[in-house]
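Structural features, examined
Take a look at the letters that make up each chain.
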Amino acid sequence: MTTPPPPRFSCADAARRRGDALAGTAPYGSIWVLVEYHGGWPANGFDGLALEPATKARVYAAAQSLRARILLIRRHGRRRPDAPRRWAVLHGEPDGAHRQRWGTWQRDEDLAAIADALVAPGETGHPPVLLVCTHGVHDTCCAVRGRPVGRALSERWPELVWECTHVGGDRFAANVLVAPDGVYYGNLDAGTAPTTVEEHLADRIHPAHLRGYTDLPPAQQAALSAVLHRAGPAGRHAYTVQRATRDGDRWSLRIAGRAPGLSAYDVDVRSQRTPALRLTCNGRAPSSALTYEITRLRPV
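Calculation criteria
Residues numbered from 1 in each chain as written. Predicted model: local features only at pLDDT ≥ 70, side-chain atom pairs only at ≥ 80, totals over all residues. Heavy atoms only, no water. 1 Å grid on protein atoms, 1.4 Å probe; cavity = no way out; pocket = protein on both sides within 12 Å on 5 of 7 lines; lining within 4 Å. Points joined across faces, edges and corners; volume = space filled by probe spheres on them. Helix = DSSP H or I, 4+ residues; strand = E, 2+ residues; numbered from the N terminus. Nonpolar A, V, L, I, M, F, W, Y, C, P; charged D, E, K, R; others polar. Buried < 20%, exposed > 50% of the residue type's maximum accessible area, 1.4 Å probe, protein only. Arc of directions from axis to C-beta. Contact = heavy atoms within 4.5 Å. Phe/Tyr/Trp six-rings, centres within 6.5 Å; stacked < 30°, edge-to-face > 60°. Lys NZ or Arg CZ within 6 Å of the ring centre and 35° of its normal. Axes fitted to C-alpha atoms, helices over the stretch in contact; angles between N-to-C directions. Parallel < 35°, antiparallel > 145°, perpendicular 65-115°, else oblique. Left-handed = near helix turned anticlockwise from the far one by under 90°. Core = buried A, V, L, I, M, F, W, Y, C linked by side-chain atoms within 4.5 Å. Pairing = 2+ DSSP bridges.

A word on the layout of surface pockets
In this approach the atoms are scanned with a rolling probe the size of a water molecule, which exposes any empty space left behind. Its volume calculated, the largest pocket comes out at about 350 Å³. As for the largest pocket, its lining consists of 18 residues, of which D47, Y60, A68, R69 and I70 are closest to the centre. Of all the elements in the fold, those that place two or more residues in the lining of the largest pocket are helix 2 (53–65) and strand 2 (69–74). Looking at the lining of the largest pocket, its residues break down into 8 nonpolar, 7 polar and 3 charged. Here the second largest pocket defines a volume of roughly 280 Å³. Along the walls of the second largest pocket sit 22 residues, with P94, D215, L216, R236 and H237 positioned nearest its centre.

As structure tokens, this is what we get:
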């Protein structure tokens, strides 16, 4: 009798069984470069593309100098092969007055315009971009869980939604990054994603699927998530970190409401490392992750 092969490991299934915490897991970012690419996505995204070397080096250096993240993007489903490919530079601003600049490209050399756009002001008034990680070559869970979310969101907001390459936190797939708002959501599916995004677009951020805000360090992300759990959903810029001090693995923070009627909270956070775990589908070697525990939450 043939022994069936062991089930394929799923980092997202494993993370849900363990109850891995979402809060405090959004990687830093305030500038994003998006490059529409219709071919297969290499495991390392833009870095792996066989583009004209001088153009690729210029774009990469310009992005690196500003700590901008470069993501490959595509629309969900089939697209006309002759449709112009787009690129974009998205700048997040602390006051929420975000700026975007969009262009098209046919030849590799056209992408050099990205380097200029990175230091140009850009335009306000654009709606946010909804980026769904579906980078299956990087991690299987991103494709298996991301594509149904990409389909569900594209049916509601076809002009806002793009599938994208790796955004980080494979085990929290499906991951959605709202840029340049700088808000990460995780553990989404085709049912929860439309509701989460609908509330976000109405400037009501719920903490249930919130990984964090990309302009805040992880401990501050966790503290703000705890405030939203206590006080209820609020706008992207409804709260500010008024004070933050650190002593080793402990932080003391004051999270203050900016709008009338919102309270301030003192929040204490403690970080700790998990045991070594297999955190991604493709990562064979176990590694540990930092988690953030709320040890005190008090309105002031």
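Side note on helix 1 (residues 11–18)
Taken as a whole, helix 1 has its buried residues at C11, A12, A14 and A15. One side of helix 1 holds all its buried residues, which, seen down the axis, span an arc of 160°. Summarising the contacts, the buried residues of helix 1 are in contact with helix 4 (140–156).

Focus: the packing of aromatic side chains
Applying the stated criterion across every chain yields a total of 2 aromatic pairs. Considering the side-chain rings of W102 and W162, the 6.3 Å spacing of their centres and the 25° angle between planes classify their relative orientation as stacked. Of this pair, W102 sits in strand 4 (residues 99–105) while W162 sits in strand 6 (residues 161–164); the two residues are 60 residues apart in sequence, bridging distant segments of the chain. Assessed through its relative accessible area of 2%, W162 is described here as buried. Over the ring of W162 we find R75, and its NZ or CZ is 3.7 Å from the ring centre.

Quick word on the packing of helix 4 against helix 5 (residues 192–201)
Two numbers describe how helix 4 lies on helix 5: the axes approach to 9 Å, and their chain directions differ by 50°. What the angle tells us is that helix 4 and helix 5 run oblique. Classified by chirality, the crossing of helix 5 by helix 4 is right-handed. Side by side, helix 4 and helix 5 meet where V149, A152, L153 and R156 of the first sit next to A193, P194, V197 and E198 of the second.

Observations regarding the nonpolar core
Core analysis: the largest hydrophobic core is formed by 38 residues, its most contacted members being L153, Y213, Y239, I255, V267 and V269. When residues of this core are assigned to their parent elements, the largest contribution, 7 residues, is made by helix 6 (residues 218–231). With 21 residues, the next largest nonpolar core counts V33, L51, A68 and L72 among its residues.

Observations concerning the sheet that holds strand 9 (residues 210–213)
Reading across from one edge, 4-3-1-2-6-5-7-8-9 is the order of the 9 strands in this open sheet, with mixed pairing throughout. Two strands close off the open sheet at either side, each with one partner strand: strand 4 and strand 9. Neighbour-to-neighbour, the strand axes of this sheet turn through a mean angle of 25°, independent of strand direction. Judged from the 4 bridges that link them, strand 5 (residues 129–133) and strand 6 form a sheet pairing that is parallel. Across the sheet, the residue bridging to V132 is E163, located in strand 6. Relative to the sheet, helix 4 contacts strand 2, strand 5, strand 6 and strand 7 (176–179), its axis offset from that of strand 5 by approximately 150°.

Remarks on empty space enclosed by the protein
Enumeration according to the criterion identifies 1 cavity of 30 Å³ or more in this entry. Quantified by volume, the largest cavity comes out at close to 50 Å³. A21, A23, G24, T25, R171, L290, T291 and Y292 are the residues that line the largest cavity. Each residue belonging to the lining of the largest cavity can be placed in one class, and the counts come to 4 nonpolar, 3 polar and 1 charged.

Interpretation note: all reported values are geometric properties and have no functional meaning in isolation.
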